[in-house]
Amino acid sequence: MAATTVPDPHTEPVTADLAGRVEVHGIEYIPESERHGRARDLFGVWAAPNVSYLNLVVGAALVLMGLGLWQSLAVIVAGNLFWALVGLLAVSGPAAGTPSEVITRAMFGIRGNRGVSLVTGWFVSVCYLALNWAAGSLAAFAVAEEAGVRLNVPLKIVIIVAVAAATLAISVYGHATIVRLYLPFTVLLTVVFVVLGGYVLARADWSYQPEVALHGSALWAAVTAGLALIASAPLSYNNSADFSRYLAPSTSPRAVAGWTAFGAFVPSVLFTALGAVAATALDMTDPQSALAAVLPGWFRPVFLLAIVLGAITNNAMTAYSSGLALQAVGLRVRRSRSVALDGSLGVALTLYALLVSNFLDTVNNMLELMVALLGPSMAVYATDILRRRNRYDGPGLCDETPNSPFWYRSGINWAGVTALCAGTAVSTLSLATTLFTGPLADAFGGVDLSLPTGILVASGVYAGLMRGRSR
C-alpha cells in the first residue's frame, strides 16, 4: 500500500482561497504562488448582481421622468458605457495583487487613503446594503403573503435577518465562493427575468410617447438626469480590483477589463431596458405590484424569490468590499469580522428603514449627491492606472510605515487629494437633483453636468500635478 504524501506547509504553498472555505486573506498582498483563476471567471461575478430587479426600477424611472421609450433606451446604453471604467480599474488587481482599497494608496497616500476609503468605500457600501436588503426583504414579505402567512413585526425581523444572513455567509466565505456561485446565479436569474420579459413584451407599447413631450432645456435636463441615474451604478463600483487580484500578473489586462465590463454591461442594458418597456404599459410607480399583476399565479412566487436572490448576490459583493474598506481605514480585524460588523450595521439600517421610518428616501437622496464624489474618485483612479501603465508595487502598497514609497508628504499625496476635492467641488456645482441644484446646472436650465465636469476636472488636475513625478 502506497504511503500517503502529506504536503509540507514550509515548502508547498497553502491555497488560501478555496470555494466553500472561509477566505484567509484580507487587504494584504496575494503572493504569486497563490494566484489562480481565469479572466473569463469575472463575467459571472459581474453579471449576477446586474440581473437585477433594481435595474427594472431604474429603467421605468426614465419613462416616469418624461422621456419617450427610444430616448430612454438611448440613455440606458450611454449610461452603462461607464462600466468600461470599472473594467479599466479591474486591471490593477492582478498587477498589484491587492484590492482597490489598497491600490488607491498610490493616489492619495497611506493616510490620505484612509479618509477616502471611509467615504467612497465603506460609507457608500453600507448605504447600498440597506437599499438592496430593503428591496429583497419587501419581496420576501410578499412571498410569505402569497403562501398565506400573516406578517407581524417579529416575523418581518426574522425575514430581514435571514436575507442578511444568507448574504453575509457568501461574503464571509469570500472570493472563491463568489466566483463559484455567481455564474449559476446568473443563469438562474436570467431564466426568471427572460420569462418575466415575455409577459412584459406582450403588453409593450412600442409607439409610446409621453403625454407632454419634452423639448429644449427640459429635455436635456431629463436626459442628463437619466444619465447620472444610470451611471451611478457603475460609478459605485470603484472596487473592481477586489475580484481580480487573485489572477496571475501575466493575465491579459484586456481580458480582465473586457470580461468585467462585458459581464456588467450586457445584463444592465437588457434588464434596465425591460423596465423602460414595462413602463409603457404598466403603472411602474409601484413596480413590484405592477409586474406581479401581469404574471400567472404559479410564476409570481418565482419572480419574487428572484428579487430576493438578486438582492443577496448584489449585497454579497458589496459586503465583501465594505469589509476590505474597513480594514483599509485602519481597523485591525480579520476580514470575516469586518464583513460581519458592516453587515450588522446594514441590517440595523434596514430594520429602521422598513419598520420605523421612511429612511430609504433619505439614503436614496444622499446617494444622488454622492455621484459628485464617486465620479471624480473613479477618474483619479483610472488616470493613475494610465499614467503608471498599470505598474504597481504590491508589497510597497501594503507597507504603512513612513518608509513606504507611497507615504508621500506626511502620509498624504496632495496631488490626489487636491484633484478629488476639485473634481467634487465642480461636480457638486453642476448637480441637478430633486434635493439640490447647483448654480452651474441652474445656469444651463437645470441640465445636470456633474458627470462630465467632475470626471474631466479630477482627471486633468491629477495628471497635471503628478506630471514629472516618477512612475
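For the structure itself, consult the block above.
Residues numbered from 1 in each chain as written. Predicted model: local features only at pLDDT ≥ 70, side-chain atom pairs only at ≥ 80, totals over all residues. Heavy atoms only, no water.

Draft legend 1. View of the packing of aromatic side chains. Within this structure, the stated rule accounts for 14 aromatic pairs. Ring pairs connect the aromatic residues Trp-46, Trp-83, Tyr-237, Phe-243 and Tyr-320, which therefore count as one cluster. The cationic tip of Lys-156 hangs over the ring face of Phe-141; the distance from NZ or CZ to the ring centre is 5.5 Å. (Phe/Tyr/Trp six-rings, centres within 6.5 Å; stacked < 30°, edge-to-face > 60°. Lys NZ or Arg CZ within 6 Å of the ring centre and 35° of its normal.)

Draft legend 2. Broad picture of the environment of Asp-286. In this structure, Asp-286 sits in the loop between α12 (253-278) and α13 (287-293). Polar side-chain contacts of Asp-286 include one of 2.8 Å to the side chain of Ser-289. (Helix = DSSP H or I, 4+ residues; strand = E, 2+ residues; numbered from the N terminus. Polar contact = N/O pair within 3.5 Å; in protein donor to acceptor, adjacent residues only side chain to side chain.)

Draft legend 3. Expanded view of helix α18 (residues 414-429). Between its first and last C-alpha, α18 extends 22 Å over 16 residues, near the 22 Å set by a 1.5 Å rise per residue. Buried within α18 are the following residues: Ala-415, Gly-416, Val-417, Ala-419, Leu-420, Gly-423, Thr-424 and Ser-427. (Expected span 1.5 Å × (residues − 1). Buried < 20%, exposed > 50% of the residue type's maximum accessible area, 1.4 Å probe, protein only.)

Draft legend 4. Region of interest: the state of the cysteines. As enumerated under the stated definition, the model contains zero disulfides in all. A disulfide-free cysteine, Cys-421 has its sulfur positioned 20 Å from the sulfur of Cys-127, the nearest such atom. (Disulfide = S-S within 2.5 Å.)

Draft legend 5. Structural context of a nonpolar patch on the surface. Residues Val-153, Ile-157, Val-161, Tyr-352, Leu-355 and Val-356 make up a contiguous nonpolar surface patch of about 490 Å² in total accessible area. If you list the elements that add at least two residues to the nonpolar patch, you get α9 (153-173) and α15 (335-355). Relative to the helices and strands, Val-356 is located in the loop between α15 and α16 (359-388). Exposure remark for Val-356: the relative accessible area of 62% places this residue in the exposed category. (Patch = residues over 30% accessible without salt bridge, like charges linked within 9 Å, V, L, I, M, F, W, Y side chains within 5 Å. Areas by Shrake-Rupley, 256 points an atom, 1.4 Å probe, with all protein chains shown as cover. Salt bridge = Lys/Arg side-chain N within 4 Å of Asp/Glu carboxyl O.)

Draft legend 6. The packing of α9 against α15, seen in detail. Packing of α9 against α15 brings their axes to within 10 Å, and their N-to-C directions diverge by 155°. Considering the angle they form, α9 stands roughly antiparallel to α15. Judged by the sense of rotation from one axis to the other, the crossing of α9 with α15 is right-handed. Along its contact with α9, which presents Val-153, Lys-156, Ile-157, Ile-160, Val-161, Ala-164, Leu-168, Ser-171, Val-172 and Tyr-173, the element α15 presents Arg-335, Ser-336, Val-339, Gly-343, Val-347, Thr-350, Leu-351, Leu-354 and Leu-355. Partitioning the contact of α9 with α15 into residue classes produces 13 nonpolar, four polar and two charged. (Axes fitted to C-alpha atoms, helices over the stretch in contact; angles between N-to-C directions. Parallel < 35°, antiparallel > 145°, perpendicular 65-115°, else oblique. Left-handed = near helix turned anticlockwise from the far one by under 90°. Contact = heavy atoms within 4.5 Å. Nonpolar A, V, L, I, M, F, W, Y, C, P; charged D, E, K, R; others polar.)

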